Amino acid sequence: MRRKGRAALVLALVVVVAMAFRVSWNALRDIAGAIGADGTAATLYPFVVDGLMALALIATLVLAGRDRTFALRVLAAYTIASLVLNYVHGLVPELHGQTVDRGRLADWDPANWALVLLATSLPVGSIYFGSDLVAKVLHHRPAPIASPIENAEESANTERNRSRSDLAVSTPEPITPNVTTLPRPVAVGFIKSTIPAKPLPSIEPTPALPIETRAVAAESTRPRGATGRVPDAARTPRPKRTPDELLIEARKATADWPDTRLTAEGIRREVHTSPANARTLRDTLRAERGLRVA
């Protein structure tokens, strides 16, 4: 319903403006013919004056600030000019029948000069002011509309920033009592006599030894991963055993072994020697037991 009401209001305004333009068009056409305009120019003359008034009215609805003030001034100036020319047309009956002399709008010369200057300067002013208004409308950037949330925040900040003296009633701050808990009284016996304590021997203080500070490496709680093969130079050298020492160790290790267990692999694991030495020890031990050498 609200949208339909607006549309009806705009339509009524257009109808009223159109009728007013038709009434003013007759007077302005006769004025244009009196100042020397031909038939075509006299027909278009009302559009120059009243048309710029309509353009200025639209610009006032779009522009803001100083530009809107400028549009209102143009609208007021051309409205007054159109009113003056319509008034002169009503005072001079000769203008209705085009019987007046050209360039003569009034009998008094100063008034005639002023009216002719006004009527002839309106088309030039329409070109200038109309172009300026159109340029201002095209370059106009409307200001952003603040959202309801931003408006609520601004009002809240304004209310918060108000001083206490601006408020109607100032509320005193509550007083918090400082309550201190006192210790409970202890009963003291005044009947019993106090016996002086025995003097204690003085203890000479033992001088404290200075603490030696040493740099200790920080221990890492993470397990240390393998960093690769240890070079031979960093390994602990193992003593090299002679064949006789290997044979003596092999005899002690395999003394209680059965013949079936007497293999090169078993001797190598027990004595911790190379496979070649293990085979040699196996053959020697089997020969000592009287077994067949493999």
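Structure's up top.
Residues numbered from 1 in each chain as written. Predicted model: local features only at pLDDT ≥ 70, side-chain atom pairs only at ≥ 80, totals over all residues. Heavy atoms only, no water.

(A) The overall build of the chain, seen in detail. Of the regular secondary structure elements, the chain holds 8 helices and 0 strands. For the chain, the sequential pattern of α-helices and β-strands runs α-α-α-α-α-α-α-α. Counting all 294 residues of the chain, 20% fall into the buried class. Of the accessible surface of the chain, which amounts to about 24,200 Å², a share of 62% is contributed by carbon and sulfur atoms. (Helix = DSSP H or I, 4+ residues; strand = E, 2+ residues; numbered from the N terminus. Buried < 20%, exposed > 50% of the residue type's maximum accessible area, 1.4 Å probe, protein only. Areas by Shrake-Rupley, 256 points an atom, 1.4 Å probe, with all protein chains shown as cover.)

(B) Representation of the packing of helix 2 (residues 39–62) against helix 4 (residues 109–138) within the structure. For the pair helix 2 and helix 4, interaxial distance at closest approach is 9 Å and the crossing angle is 30 degrees. Judged on the interaxial angle alone, helix 4 and helix 2 are roughly parallel. The way helix 2 lies across helix 4 gives a crossing that is left-handed. Contacts from Y45, V48, V49, L52, L55, A56, A59 and V62 of helix 2 reach helix 4 at A119, L122, P123, G125, S126, F129, G130, L133, V134 and V137. Tallied by class, residues from the contact of helix 2 with helix 4 come to 15 nonpolar, 3 polar and no charged. (Axes fitted to C-alpha atoms, helices over the stretch in contact; angles between N-to-C directions. Parallel < 35°, antiparallel > 145°, perpendicular 65-115°, else oblique. Left-handed = near helix turned anticlockwise from the far one by under 90°. Contact = heavy atoms within 4.5 Å. Nonpolar A, V, L, I, M, F, W, Y, C, P; charged D, E, K, R; others polar.)

(C) Quick look at a nonpolar patch on the surface. Together, L11, V15, V16 and M19 give the surface a local cluster of nonpolar side chains, amounting to about 380 Å² of exposed area. With relative accessibility at 55%, the residue L11 sits in the exposed group. (Patch = residues over 30% accessible without salt bridge, like charges linked within 9 Å, V, L, I, M, F, W, Y side chains within 5 Å. Salt bridge = Lys/Arg side-chain N within 4 Å of Asp/Glu carboxyl O.)

(D) Representation of helix 7 (residues 264–271). Three or more residues of helix 7 are buried, namely A264, G266, I267 and V271. Within helix 7, the buried residues cover an arc of 160 degrees as seen down the axis, which keeps them to one side. On its buried face, helix 7 sits against helix 6 (243–253) and helix 8 (275–288). In the segment just after helix 7, H272 is the residue with positive phi, at about 65 degrees. (Arc of directions from axis to C-beta.)

(E) Summary view of the side chain of S24. Along the chain, S24 falls in helix 1 (residues 2–34). Judged by relative accessible area, S24 falls into the buried class, the value being 8%. Of the polar contacts made by the side chain of S24, one reaches the side chain of D50; its length is 3.1 Å. Beyond its immediate sequence surroundings of up to four residues, S24 is in contact with D50, S82 and N86. (Polar contact = N/O pair within 3.5 Å; in protein donor to acceptor, adjacent residues only side chain to side chain.)

Function cannot be inferred from these measures alone, as they are strictly geometric.
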